[in-house]
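# Summary of structural features
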Amino acid sequence: VVMMPPPNVTGIIHMGHVLNNTLQDILIRFKRMQGYEVLYQPGTDHAGIATQNVVEKELAKQGKTRFEVGREKFLEYAWQWKETYEKNILERLKRLGVSADWSKYKFTLDPQMVQAVLKAFVSLYEDGLIYKGLYIINWCPRCGTALADDEVEHKEHTGHLWYIRYPLVDGDGDIVVATTRPETYLGDTAVAVHPDDPRYQKWIGKKVRLPLVTWTRKGTMPDGTEVEVPPEIPIIADPRVDPEFGTGAVKVTPAHDPNDYEIGNEHGLARVIMMTKEAVTNENAGIFKGLDRFEARKKVIEALEKEGYLVKIEDHVHAVGHCYRCDTVIEPYLSEEWFVKMKPLAEPAIRAVREGKIRLIPEYANKIYFNWLENVRDWCISRKIWWGHRVPIYTCQACGHTTASIEPVQTCPQCGSDQIQQDPDVLDTWFSSWLWPFSTLGWPYETRELEAFYPTDVLITGWDILFFWVARMIMAGLRFRSEIPFHTVYLHGIVRDEKRRKISKSLGNFVDPLEYIQKYGADGVRMGITLVVPEGQDIIFSEKRIEIGRNFATKIWNAARFLLMNQDLYEPGELTVERLEDQWIWTGLQETIRAVTQGLEDYDFNTTAHRLLQFFWHDFCDWYIEAIKPRLQTGDKMAIRIGFTVLERLLRLLHPFMPFVTEEIWQKLPNHEGETLMRAPWPEPTSEVFPEAHRRFEFLKEVVREVREARASYRIAPKAELPLYFGKTEPWVRKALPEMLPMLRHLAKISALKEDEIPHPSTAIVVEGQEFFLPLPGLDLEKERARIQKEIVQLQKHLAKVQARLANPDFLERAPAEVIRKEEEKVKTFEEKISALQAHLERLR
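Below: a short report on this structure.

Counted according to the given criterion, the structure contains 38 aromatic pairs. Ring centres of Tyr125 and Trp338 lie 6.2 Å apart, and the angle between their planes is 65°; on these two criteria the pair is classed as edge-to-face. A residue pair is termed long-range when its members are at least 10 positions apart, and Tyr125 in helix α5 (residues 111–126) and Trp338 in strand β16 (residues 331–340) qualify at 213 residues. In textbook terms, an aromatic cluster arises when at least three aromatic residues are bridged by ring pairs, as seen for Phe121, Tyr125, Trp338, Trp379, Phe431, Trp434, Phe438, Trp443, Tyr454 and Phe480.

Written as structure tokens, this is what we have:
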């Protein structure tokens, strides 16, 4: 059972989805062929913030806002968007060959899925694990909603550190604070220093006056009491202050900084909100009211400098939080939100992985997983948007009684009033996604699907949602079903471009996968992406990678076409594997079956794909088919029978990776059995192998390669036949040479094998310590040596230039990574060419 990570209905799928669904489909097709009953559960996600964003942008093109059209009409627009783009997503997944059970398709806002979310919320609420509280949350002014901690992307910014002078009220000097956000000083309610910092011992307990502030601000105490806060604020001591940061004295703004919020709670400080949720300064900002936060920063700095309160400005590099959806700089904001208590849920999830009940691949993900869960903070689950699952909390406007209910509340259970108002917030999208492994199977109802298919088996997803989704699904499975949701989690990397940038529309490096499918075929796209997916690492993607997959599909087609052109020779019957090349390919096939089966069992998709490509393209096509061509010309029926048998087995091995071309060819084979390759049995290796024959043929391949390379190096005419002389050779080689001669003649244009006196000039060929000599008739040795030496000198000059460039620190500092990589590739190319030419010189001696 594999659960598809549901794509967001915000547009079309990208190459990350292609990678993710290809790997899942490979596993599903493999297990289906092994005889398992499989469920590949498809679906899509409503993606609250992301979808709301795109729908609002569409409304903006019409000159409208969501507030103008109202909640009900806005949701109509959102559903229309969903219907349109859901079709685009499903079309592309089907074109890719995703063999999911489409009859079981789910959407996170389907009625039954809504019931699951409501059941989970009410259950946690009644058990005291969901609560509403006033906390510092991550607020996106653009999206107009709260974000969970792990929905904030921290990016390194080169900003400034502003040093501001706060005068002491008693006239005993000034205290200078350093800050990266000077505009928020308008919400300061204290200055904090470390209790052991000797510089400030005498000032602890005194008060300072906020520069420029002459007005009283409105705030609330930690217990909720409303208060008026004067411009004079205390100097407090707190061990959380870093004496090494700035001056060692920091401003405390409890309503606009999470650390300050904690300090404020402990010291009983008032919380002054100095800007709106739109990030515009409010009445507490006094003379700076009505400014965007960044404009306010500019005005505040100008005023502080003018009045002599700005001491200095320093460059400062620090991490700044951004909204993971719209990239807006987030604002820490004091807001009343719904939260889930995470510690009680995290502990069983930690045990499940630590005790080995759930395996994370790659293994290093365990450390990241444990670190997050052991330090987990409560999860902010409410969002100030309209698209999503509405919070099922109903408040009586008459008596204030609050009810959490799966069904809509019409009358107050306490006073009977019908003045009931539902909470306007919706739930975080991940609150529905964390139920995915069992909500898709019918929960909260006890269905046959839930009984049969839960827990699931393998989750395949990107490492970037290990916290967003994977850890939370483990918590939810253990909480609501008392079982782990899956036994294995395979985490793949993020698809990036050649400059290592995440692929996105905003960067202009996004390509609709449908374009690649139309250009290179679904099989080419699937194989191409699998060939570049190292375990747990990001994928550096380029179109050239897909071309490899397409070229491989063409190679498969051409190999099959060649054998089918000779199928009139085919007669069913037992295989007699006696010839050297037959024993070699048969032995290699059994090894490949074992390796591919084990590779897929180990989720080693990349190595397995390379193994298949190598064996089919090089062993089967380049060597075996070439080796049997003379036999086919003489009507050898065993050669065609073995050829079709090996091809049929390879098509079965390749099918999970390349389902279309393999199915099409398999249906045409004279030796296929069954209705569809998709349900053909997975190949099992036989015990009949020929290791000695395999060794001899591998030796023969190396001899052929060396002869071909020598012929090319010394420009021997392609059709010219030459004898091959052997010198120091072991008995097994001498014994095997007569068996090898037909293929040496066919594959390397060797007319005879001789042990006579070696002619002059000739070039030496050494394979596994065995000596052979290829005559070079008519070759001027001195002239050839001079030509090669001259070429070596030229290459060495080019190599020296590139090496000097790479040794230059200025070049390494200024040049883009891609340019440096290409220069390093040049070094490798030059060194390989020089080495090859030097080997030729050695042979001529």
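What follows deals with the sheet that holds strand β30 (residues 762–767). The four strands lie next to each other as β29-β28-β31-β30, forming an open sheet whose pairing is mixed. Looking along the sheet, the strands with just one partner apiece sit at the ends: β29 (750–754) and β30. Neighbour to neighbour, the strand axes of the sheet diverge by 25° on average, direction disregarded. Of the pairings in the sheet, the one linking strand β28 (residues 722–726) to β29 comprises three bridges and is parallel in character. Bridging from a neighbouring strand, Leu722 pairs with Ile750 of β29. Against the sheet, helix α20 (residues 691–713) touches β28, β29, β30 and β31 (770–775), its axis set at about 150° to β30. Along the sheet, helix α21 (residues 731–748) makes contact with β28, β29 and β31, crossing β29 at roughly 165°.

Take the side chain of Glu663 next. Relative to the assigned elements, Glu663 resides in helix α19 (residues 659–668). Buried and without a salt bridge, Glu663 has Arg29 as its closest oppositely charged side chain, separated by 6.2 Å.

Two elements in contact, helix α16 (residues 580–601) and helix α18 (residues 637–654), have axes whose closest approach is 11 Å; the angle formed by their N-to-C orientations is 15°. Between α16 and α18, the crossing angle belongs to the class labelled roughly parallel. The handedness of the crossing between α16 and α18 is left-handed. For the pair α16 and α18, the contacting residues are Asp582, Ile585, Trp586, Leu589, Thr592, Ile593 and Val596 in the first and Ile642, Thr645, Val646, Arg649, Leu650 and Leu653 in the second. Among the residues making up the contact of α16 with α18, the classes are represented as nine nonpolar, two polar and two charged.

A few words now on the pattern of salt bridges. When their charged atoms lie close together, side chains carrying opposite charge are able to pair. Summed over all chains, the structure comprises 54 salt bridges. Between Asp101 and Lys104 there is a salt bridge; the shortest N-O distance is 3.2 Å. Overall, Lys104 belongs to the partly exposed group, its relative accessible area being 25%. Note that Arg181 and Glu331 form a salt bridge whose closest N and O atoms lie 2.0 Å from each other. Taken together, the residues span a long stretch of sequence, with Arg181 in the loop between β8 (174–179) and β9 (190–193) and Glu331 in strand β16 at a distance of 150 residues.

Reading guide: rules and limits
Residues numbered from 1 in each chain as written. Predicted model: local features only at pLDDT ≥ 70, side-chain atom pairs only at ≥ 80, totals over all residues. Heavy atoms only, no water. Phe/Tyr/Trp six-rings, centres within 6.5 Å; stacked < 30°, edge-to-face > 60°. Helix = DSSP H or I, 4+ residues; strand = E, 2+ residues; numbered from the N terminus. Pairing = 2+ DSSP bridges. Axes fitted to C-alpha atoms, helices over the stretch in contact; angles between N-to-C directions. Contact = heavy atoms within 4.5 Å. Buried < 20%, exposed > 50% of the residue type's maximum accessible area, 1.4 Å probe, protein only. Lys, Arg positive; Asp, Glu negative; His and termini not counted. Salt bridge = Lys/Arg side-chain N within 4 Å of Asp/Glu carboxyl O. Parallel < 35°, antiparallel > 145°, perpendicular 65-115°, else oblique. Left-handed = near helix turned anticlockwise from the far one by under 90°. Nonpolar A, V, L, I, M, F, W, Y, C, P; charged D, E, K, R; others polar.

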